[in-house]
Amino acid sequence: MAADGWRSFPDAPKIVHPPPGPRSRALLARQAELETDAVAYPGYFPIAVAEGRGSTIEDVDGNRFIDWVAGISVLNLGHRHPRLEAALRAQSERVWHALELPTEARIRFLEELIPVLPGGLAGRAKVLFTVTGADAVETAVSLAEYATGRAGVVAFSGAYHGVHGGAVNLTAGRRYRATSAFVGGRVVRVPFPDPYRSVLGADEGSAGTIRYLEHLVRDPASGVDDLAAVVVEPIQGEGGYVVPPDDFLPELRAFCDRHGLLLIADEVQSGLGRTGKFWAVDHAKVTPDIVCIAKSIGGGIPLSLVAYRADLVKELPRGFHLGTYRGNPLGLAVGVEVLRELKTTDLIARTARRGDRLIDRFRSFQADHPSIGDVRGRGFMIGIEFVDSPTRRTPWGDGAKAMRRALLQRGVLMHTAGAFDQVLRFMAPLVIEDELLERGLAAFEAALDEIDPAPERTVPAPAPPAPRSLAPRTAPVGAGGRPSPILPSGAD
Ligand SMILES: Cc1ncc(COP(=O)(O)O)c(C=O)c1O
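Residues numbered from 1 in each chain as written. Predicted model: local features only at pLDDT ≥ 70, side-chain atom pairs only at ≥ 80, totals over all residues. Heavy atoms only, no water.

### Topic: the pattern of salt bridges
And then number 1: Enumeration over the complete set of coordinates arrives at 34 salt bridges.
And then number 2: Glu85 serves as the salt-bridge partner of Arg80, at 3.1 Å between the closest nitrogen and oxygen.
And then number 3: For Glu85, a relative accessible area of 26% translates into the label partly exposed.
And then number 4: Taken together, the salt bridges that share partners define one network made up of Arg83, Glu112, Glu337, Arg340, Glu341 and Lys343. (Salt bridge = Lys/Arg side-chain N within 4 Å of Asp/Glu carboxyl O. Buried < 20%, exposed > 50% of the residue type's maximum accessible area, 1.4 Å probe, protein only.)

If you want it as structure tokens, here you go:
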């Protein structure tokens, strides 16, 4: 770690060979020879990685990128955080694999985790380890069905819960389901209340979705027999960083309570400080019955788990869920430090403050670029949606993808999301240095100027719509009429 607190490569973004440079090209070609065509990410980011440091990545050609992808929200504490690296090294000198036998790392992890679980789960939950996010979601659904003695779960349009054989049935995108051999299951799909793309009518908000859920349960001819649980992402991730109206999760909780359904929160992408609260459900002050945790909890070492209300089931049969690698000691040792770092620093509160300012900054680009239809989010989970018409709101996936390419050439990694890949998502490590945020924003603005104009960009654009789920914000204006920097001096 540098003496001034910088962990990232200080000179990022630095492009010495326009990506893909010659050495990256050679490794990408070799990968293509040896690995399946099904690999996806080299298509989005055609570089070969040499080293990760803080919030930056160096490729094998010496290019240095600002990393606004963070391993899809795995690296909330950045690449190789010194605290995590030390824990990993120490654990690697003791034991790497111990099945489910207790180790000091395992017990320490549970003691750190359980008190910080959301709402009423804190201090009162049981934990079941899994390996991946999808594994956690499948296990949560199995648990809910076992606990209620009922079968059938509600999942939302736009949802992403993974692509394992069971989880893929909860995931909404056809592109994920089309290649799975295991599509089936007892899943009822219900429209997610998306303030920008409402399925149930522009003014319905949460009410339309809740009314439809009531119909499913109450109407004997709804076509739905039994429901055990509702699975929800508190903020949708792969669906396009969609923030539901503020009343949605409380209303969903109340619906579940009225009908004895369990509420499963999938915090795989949104948890662990990402949204400016420890858990995304904390914004709504809602306690789920079961929560799925993965990605950032292991800081990059695969680790996931399900935490559930201790009184949910009297006891689970031994071996209710199995898997050789569940609760791996290396991941657990790192997880202890992930949790301690989040608990003992002001990183999460700082993410909320910096996230608000970033949303303002991205919104300030909308005035000159009507191809940005919507900017929304919480903390460092910000979606910038591209449309080819701000009035028709037609998704402009090619625009967002062109931005991804233009940003790569400028040394900034930023990924897309949404059904049409029309949303650019900001998900930098929470520890990113302010200076790198400023450099990234400058690259973003330059890339915006470069991409092909959307058809209606030549006509005066109406004022961008303010998403209903967020209080309207005005961009703070600094010297010279420019938006103020992320951190006005002395603000943080
Ligand atoms: C909300 C959510 N749930 C589940 C998953 C699946 O996790 P994994 O890829 O580890 O199986 C993801 C992955 O992106 C996710 O974003």
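### A word on the sheet that holds strand E3 (residues 64-67)
And then number 1: Read from one edge of the open sheet, four strands run E1-E2-E3-E13, paired in mixed fashion. The open sheet is flanked by strand E1 (49-53) and strand E13 (412-413), the only strands paired with a single partner.
And then number 2: Relative to strand E2 (residues 56-59), E1 runs antiparallel, the two being bridged by four bridges. The partner of Arg53 across the bridge, within E2, is Thr56. (Pairing = 2+ DSSP bridges. Helix = DSSP H or I, 4+ residues; strand = E, 2+ residues; numbered from the N terminus.)

### Some details on the confidence of the model for the chain
And then number 1: Here the chain averages 91 in pLDDT, and 90% of its residues register 70 or above.
And then number 2: This model gives residues 457-461 a pLDDT under 50, and the stretch forms eight contacts once residues within four places in sequence are excluded.
And then number 3: Per-residue pLDDT stays below 50 along residues 487-492; that stretch engages in twelve contacts with residues further than four places along the chain or on separate chains. (pLDDT = per-residue confidence, 0-100. Contact = heavy atoms within 4.5 Å.)

### A look at the site of the ligand
And then number 1: Near the ligand you find Thr132, Gly133, Ala134, Tyr160, His161, Gly162, Glu233, Glu238, Asp266, Val268, Gln269 and Lys295, and these make up its full shell.
And then number 2: One nitrogen or oxygen atom from the main chain of Gly133 is found 2.8 Å from an oxygen atom belonging to the ligand.
And then number 3: When atom positions are compared with the pocket grids, the ligand is found to occupy the largest pocket.
And then number 4: The class makeup of the residues in the shell around the ligand is three nonpolar, five polar and four charged. (Near = heavy atom within 4 Å. Polar contact = N/O pair within 3.5 Å; in protein donor to acceptor, adjacent residues only side chain to side chain. 1 Å grid on protein atoms, 1.4 Å probe; cavity = no way out; pocket = protein on both sides within 12 Å on 5 of 7 lines; lining within 4 Å. Sits in = over half its atoms within 2 Å of the grid points. Nonpolar A, V, L, I, M, F, W, Y, C, P; charged D, E, K, R; others polar.)

### Brief notes about unusual backbone geometry
And then number 1: Note that the residue after Ala12, namely Pro13, is joined by a cis bond; omega there is 0°.
And then number 2: Mapped onto the secondary structure, Pro13 falls in the segment before helix H1 (22-34).
And then number 3: Backbone torsion omega between Pro19 and Pro20 reads 0°, so that peptide bond is classified as cis.
And then number 4: Mapped onto the fold, Pro20 is located in the segment before H1.
And then number 5: With phi around 45°, Lys295 is a residue other than glycine that occupies positive phi space.
And then number 6: Positionally, Lys295 belongs in the loop between strand E9 (290-293) and strand E10 (304-309).
And then number 7: Classification of Lys295 as partly exposed rests on a relative accessible area of 24%.

### Details of empty space enclosed by the protein
Sizing a probe to match a water molecule and rolling it over the atoms shows the empty space that remains.
And then number 1: Following the criterion strictly, the structure yields two cavities of 30 Å³ or more and no others.
And then number 2: Considering the residues around the largest cavity, the lining is formed by 14 residues, among which Phe192, Pro193, Asp194, Ser198 and Gly205 are closest to the centre.
And then number 3: The residue makeup of the lining of the largest cavity, split by class, is seven nonpolar, four polar and three charged. (Points joined across faces, edges and corners; volume = space filled by probe spheres on them.)

### Some remarks on the sheet that holds strand E15 (residues 423-426)
And then number 1: Pairing within the open sheet is antiparallel, and its four strands lie in the order E11-E12-E15-E14. Pairing within the sheet leaves two strands with one partner each, and these edge strands are strand E11 (372-378) and strand E14 (415-417). For this sheet the average axis-to-axis angle between neighbouring strands, irrespective of direction, equals 30°.
And then number 2: Pairing of E11 with strand E12 (residues 381-386), which is carried by six bridges, proceeds in the antiparallel orientation. Along E12, the bridge assignment pairs Gly377 with Ile382.
And then number 3: Relative to E15, helix H12 (residues 397-409) is tilted by about 45°, and along the sheet it contacts E12, E14 and E15. (Axes fitted to C-alpha atoms, helices over the stretch in contact; angles between N-to-C directions.)

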